[in-house]
Structures are given as structure tokens and as C-alpha cells.
Amino acid sequence: MRFEIRSPITKFQVSNFKFRVSNFKFRVSSFEFQISSFEFQVSSFKFRVSSSEFQVSSFKFQVSSFEFQVSSFEFQVSSFKFQVSSFKFRVSNMTKFFNTTGPCRPEIHYMADPLSRLPMVRELIEDQHYFVLHGPRRTGKTTYLYALMNQLSQEGKYSALTVNIQPAASVQNPTRAMIMVADAICNKARRHLPEKEWPEPVENLDQDMLARGQLQRYLNLWAEKNPKPVVLFIDEADSLPDELFLALLRQLRAGFEDRPHGFPHSVALAGLRLGINALLNIKTPSLLLDAFTLSETDALLNQHTAETGQIFTREAINEIFRLTRGQPWLTNTLVRETITEILKNDFTKEITPAHVARARKALVRERKTHLDNLIGKLKESPVKNVTEALISGEFLQSDRLEDLTYLQDFGLVTRELPIKFANPIYTEIIPEALSYCWKVSFSQELVYEKKYIKNGLLDIDSLISAFQEFYRHHSEIWLERFEFCEIGRQLLFIAFLQRIVGTEAMFEYEMELGSRHLSLLLEFASERFAMELKLQRNRYSEDEGLKEIVRYLNRIGMDQGYLILFETNSQIPWEECTYRLDSQIPWEKRIYRKEITHEGKKIIFVGM
């Protein structure tokens, strides 16, 4: 008999095991089984009993990590009795997993070494600096602060504390908000610091004095009382409304000169915002906690391999990094989806790019929490302005540079040139999210799959012809109410494709500021279709588009592609968001298809 048990928390392995009992009694009145650290491996084992009685009144067994593997197992019993009156089995420490919610904890989560990501912070603390730690959401700022707090506390030189002040954002009165911050500091100190390093409870202090001095006075008293210099990390500092945020900065600035004996030795403010140093009148530069590097991604995935034996191929690791560009939450989510949902925690299976591709489809389809938060930002004016310019490939106006900085701080677009969406997963999700209402609004008769998918293959020419006909009759009314007017035509076509091929296809986009086009690679079944979507604004657009599609085909190693040109009426201002598409050029000239060969590439021109 072959016996095999696998799960994320247990692993049993025995190469040859025989167990024979002719007469066996086993009684337990109270049994507890807890595991802290245990490995059990047997290559060959036989156990025979002719007559045995086994009684246990109380039994406890503790293990934090338990592995038990069996390849061959034989169990024979001629007479067997097994009685248990009370039985408990506990595993205190499961196999680690990839975290997607909240700060990482090293005892249960795989995690890249947070402290190595910003080694220069220790020098800032030693030199009594007040500084800023900023970075996009879900990049590990809170994880970093707790790791640094724990390290400083263990070293014993400082009284280090991390506190989240987000609850103070719920009040409007600045005085009340600062007292709430003080209360949060007190509560966290009681949880993480020894009693001699606690600040006084807020309720024990003179409330009139506290109302006058607010947070500044509270930090004065704590620093004066504490036997060690205080290092304070204030997380979610920018969650406060502007008035409260400025009140916090003024309190810190007022006490700054009293450090280290009468005010915290060093303070870090963590959040998204820039420009805090100027308000504090501090020259220390802000520190950016950005995405993982490829080597950090490698190290993170290797932790899982070391613990479970499951291997990521080199190609799979490279694909994970390419799709996420090291965004920590996205990396963890993609890997966790691959392991738990695609492979069902079967650690014997090697992880390949094909598994990662399936996980990617699931992420795009399900739009998990962080991705939904990104989508919710799209209608904010700064986000809308930059998103339109990126998808259309237009230039960013000089008065939109603050909008660009806002998106970079949020982690939606790259900081390096050329400016793009931060990673391929964001690049795929954003156009789909913007065009989703159109995707679900096409009539079923128009987008009936069997009209375009035959014998498992996509008839892309029939699909494009059908869209041309739809565009001719319905585009004006569909586009004139669309909020993202600059990119409406391209998104309408993308919505049409998405509705027909659904989740079976893979979409790869290339978009960047100033490119004046959108490149799209559609992968369906065993085929790939390359397209350039471009607005025909003037007589040069067609020649520009031809060069762009040839460059794109060379980049992706293909010999055929589609150049899809959308005619525009240049005399109607874009800001009016109206599309009288038949007012200048007759439809007979707008709707066309032609094929040419250029630089060894077959190019199909599609006009509309």
C-alpha cells in the first residue's frame, strides 16, 4: 500500500515502513499534540507486536514545524483496540506563506530582508535626524519600520517605537487629534517596550496642560522620563487631513531643538507625501522605499524553495519579476496565486512560466484589493490626466508635472524614463477597467464568440471587420459621453476584443508618454496578433504608424501586424469631448483595409 499525505503544514516521508500487530490495546484519557519543531524520516522500519496494551493518562507533544513523508507503508493488525477519551492535535507554526495583507512577520511569512533595503537609515538615527520615509502603497514601509524598531530595541541603546496614527484622521479638531496621537504612542509603548520606558498614560496627565502643549508637551515628558534616547517612527503620517498634518509637523518642529534629552532623539515620518522636510526646516533628504530588485525577488522565492523543496525555474522567476517589476504586494500575490490556486500547494511540481501566466490571468480577472484601490484612483483628476496621455502616447503638458509626481508617489507609473505604467499587470488592468462598461454593453449577437472563434482559433480579420461596421454606425453616440475622451477610440476597440476572447487570451500592451501610439500583442491559443492603435491626426500619421508597427514587429520577432488608424476631426477641440465623426470625411473613405509589404513585414492597414 502506498500512503502519501501532503499539505502546506505537514509533510511525511518514509521509504519503507511495515507495522504488524496481532493483539494491541491503546487507551488515552487525555492527549494533547503540539508541535514546535519536528522532523521524522524513516528509510526502513518494521514493528511487530503479539500482545500489547498501551495506556496514556496525559500526553503532550509539541512541534512548531512537522514533516512526515511516507513512500511505502504497510499496516497489519489481527486484533486491535484504540480508545481515546480526549485528544488534541495542535501545530503552532505552519509552513510560511507569502503575505498579501498587512505588515510581514518573519515567523510566519516569507519576506525579503527589510533592513537591507535602506541601510543608510541607521546613520540618520545616530546623527539625531528627523527624516521622511516615503514610497508607494504596499511596498513594505510598515514592515520595514517594525523590523527596524525590533532591531534597535534588541540592541538596547534606544527606546524605539513604531506607531500608526491613522485613527487621528477621524477627528476635525487639531488639539483632539494630537492628543489621540499621544494616546496611540502610549498604547503602543505598553505593547512593545519595557515598563520603565513607557510614557505616562494620557489620562494621568493634567488635561489643561496637555490641551495647551498637546503632542509636543507629551513627547517632552516622555523623553525626559525615559532612561534611553527615544526613536519614534510615525506610520501613516500623511493619512491626516491637511490641517491636522500641518499641526503634527508644527508640534515636531517646536520640540526639535530639545532633542535628545527633552524630545525624541530621532523621528521618521512614513507615508506617500513629499516636501515634508521643507516644512520641518530639515535638510535631510527623503528616503524612498521602492520595489524589490531582481536579486531581492530571487532571495524571497528561494526561501520557499528552501522550506518546501519546490523549485521555481529561472524563466519563472524572470517572468514574475517582469510582470511585477518587483512591486512587493504584487510579487507576493502573484506567487501565492501560483502556489495555492494554480498548483494547489503541490510542492512536488516545478513552477514554470506557464503556471505564472495562469496566475496572472486570475489576478487580472479578480482584481484583488490593492488592484481595486488603484482602479478607484483612475477618475481623480491628476490620475486621469496622466493616464490619458500614457494610453494615447501624447505629450504631458508642463502644468501636469505635479500630476505625474502624484502618480509616481502612488506607484502607478515609473520614475525612470520613458514614463510608463509601473508594470505589465497594471498596464493590462487599467485599459480593461476604463473600458469595462463598454465591454458588458455590446449586444450578444454582435460579439457571439462562435462567429470569430472557429476550431479553437481566432479569426482576427472577421473580428476587425465586424468592429469597423459597428464603429461606423455607433461610435459617435458611444464616444461623446465617455469621460476619457482622448483615448475613447482605442479603449472601445480593446473592449470589443476583451468581450470576444474573454479570459482565454493574454494581452500585452506597450504604452509610454510621447510615443503617439499604443502597441498591443494579443495571444490566443497558439497564435499571436500584433497591432498598433493610432489616432490619425494629420497626413503624417500613416507613415509614422508604419514605422512604429515595423519596429514593434522587430522587437517581438513577428512578420505580420495590423496598423489600426482612427480618423479624428482636428477642427473640433478635444476639450469639448464631442465626436461628429461624419462631419468632414465620408465614411466610404474612413473605412478601408489594405495590405502592403514593408521592410520584409506584412502590414495590414485598417482605417475607420
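From a predicted model like this one, the values you see are computed outputs, not experimental measurements.

Asker: Sorry, what's going on with the overall build of the protein chain here?
Answerer: For the protein chain, the helix and strand inventory stands at 19 helices and 29 strands. Burial status across the protein chain gives 50% buried among its 608 residues. Contacts in the protein chain between residues at least 24 apart in sequence constitute 74% of all its contacts with a sequence separation of at least 6.

Asker: Would you explain the sheet that holds strand S18 (residues 159–164) in this entry?
Answerer: Sheet strands line up and pair through hydrogen bonds in the backbone, either parallel or antiparallel. In space, the five strands of this open sheet follow the order S18-S19-S20-S17-S21, with parallel pairing throughout. Lying at the two open borders of the sheet, with one neighbouring strand each, are S18 and strand S21 (287–288). Contacting strand S17 (130–134), strand S19 (230–235) and strand S20 (266–271), helix H5 (residues 242–255) runs over the sheet at an angle of about 165 degrees to S20.

Asker: Would you mind going over unusual backbone geometry with me for this structure?
Answerer: When glycine is set aside, most residues are seen to have a negative phi, and most peptide bonds are trans. Here the residue pair Arg 259 and Pro 260 is connected by a cis peptide bond, since its omega of 5 degrees sits within 30 degrees of zero. Among the structural elements, Pro 260 can be located in the loop between H5 and S20. Leu 417 connects to Pro 418 through a cis peptide bond whose omega is -5 degrees. The backbone of Gln 128 shows a phi angle near 65 degrees, a positive value even though the residue is not glycine. The class of Gln 128 is partly exposed, set by a relative accessible area of 24%. With phi around 55 degrees, Ala 525 is a residue other than glycine that occupies positive phi space. Along the chain, the position of Ala 525 falls in the loop between strand S25 (518–524) and strand S26 (527–536).

Asker: Before we go on, may I ask you to explain the packing of aromatic side chains in this structure?
Answerer: A ring pair, where both rings are aromatic, is described by two values, the distance of the centres and the angle of the planes. Applying the stated criterion across every chain, the model contains 15 aromatic pairs. A centroid spacing of 4.8 Å and a plane angle of 85 degrees characterise the contact between Tyr 130 and Phe 256, whose relative ring orientation is edge-to-face. Here Tyr 130 is found in strand S17, whereas its partner Phe 256 is found in the loop between H5 and S20, with 126 residues between them in sequence. Using a relative accessible area of 21% as the deciding quantity, one classes Phe 256 as partly exposed. Ring geometry for Phe 442 against Trp 478: centres 5.1 Å apart, planes inclined by 20 degrees, an arrangement best described as stacked. Linking Phe 442 in the loop between helix H15 (436–439) and strand S22 (453–454) with Trp 478 in helix H16 (residues 460–479), this pair joins segments that are 36 residues apart in sequence. The two residues Phe 442 and Trp 478 agree in class, both being buried.

Asker: For this particular structure, what's the right way to read the pattern of salt bridges?
Answerer: Charged atoms that come close allow side chains of opposite charge to pair. Evaluated as defined, the whole model comprises 29 salt bridges. In this structure, Lys 228 engages Glu 197 in a salt bridge whose closest nitrogen and oxygen atoms are separated by 3.1 Å. Within this pair, whereas Lys 228 is found in the loop between helix H4 (207–225) and S19, its partner Glu 197 is found in the loop between helix H3 (174–192) and H4, the two being separated by 31 residues in sequence. Given the relative accessible area of 21%, Lys 228 is considered partly exposed. What makes Glu 197 buried here is its relative accessible area of 3%. Linked by salt bridges that have partners in common, Glu 319, Arg 322, Arg 360, Glu 428 and Glu 508 make up one network.

Asker: What exactly am I supposed to notice about the sheet that holds strand S27 (residues 560–567) here?
Answerer: Pairing is mixed across the open sheet formed by six strands, whose spatial order is S24-S25-S26-S27-S29-S28. With one partner strand each, in any of the chains shown, strand S24 (506–510) and strand S28 (592–598) form the two edges of the open sheet. On average, each strand axis in the sheet is tilted by 20 degrees relative to the strand beside it, whichever way the strands run. Note: S25 against S26, seven bridges, orientation antiparallel. If you follow Phe 524 over to S26, its bridge partner there is Glu 527. In this fold helix H17 (residues 488–501) packs onto S24, S25, S26 and S27, with an angle of close to 155 degrees to the strand it touches most, S26. The strands touched by helix H18 (residues 541–556) within the sheet are S24, S25, S26, S27, S28 and strand S29 (601–607), with S26 carrying the most contacts at an inclination of about 155 degrees.

Thresholds, definitions, all that
Residues numbered from 1 in each chain as written. Predicted model: local features only at pLDDT ≥ 70, side-chain atom pairs only at ≥ 80, totals over all residues. Heavy atoms only, no water. Helix = DSSP H or I, 4+ residues; strand = E, 2+ residues; numbered from the N terminus. Buried < 20%, exposed > 50% of the residue type's maximum accessible area, 1.4 Å probe, protein only. Contact = heavy atoms within 4.5 Å. Pairing = 2+ DSSP bridges. Axes fitted to C-alpha atoms, helices over the stretch in contact; angles between N-to-C directions. Phe/Tyr/Trp six-rings, centres within 6.5 Å; stacked < 30°, edge-to-face > 60°. Salt bridge = Lys/Arg side-chain N within 4 Å of Asp/Glu carboxyl O.

Any functional reading would require information that these geometric values do not contain.
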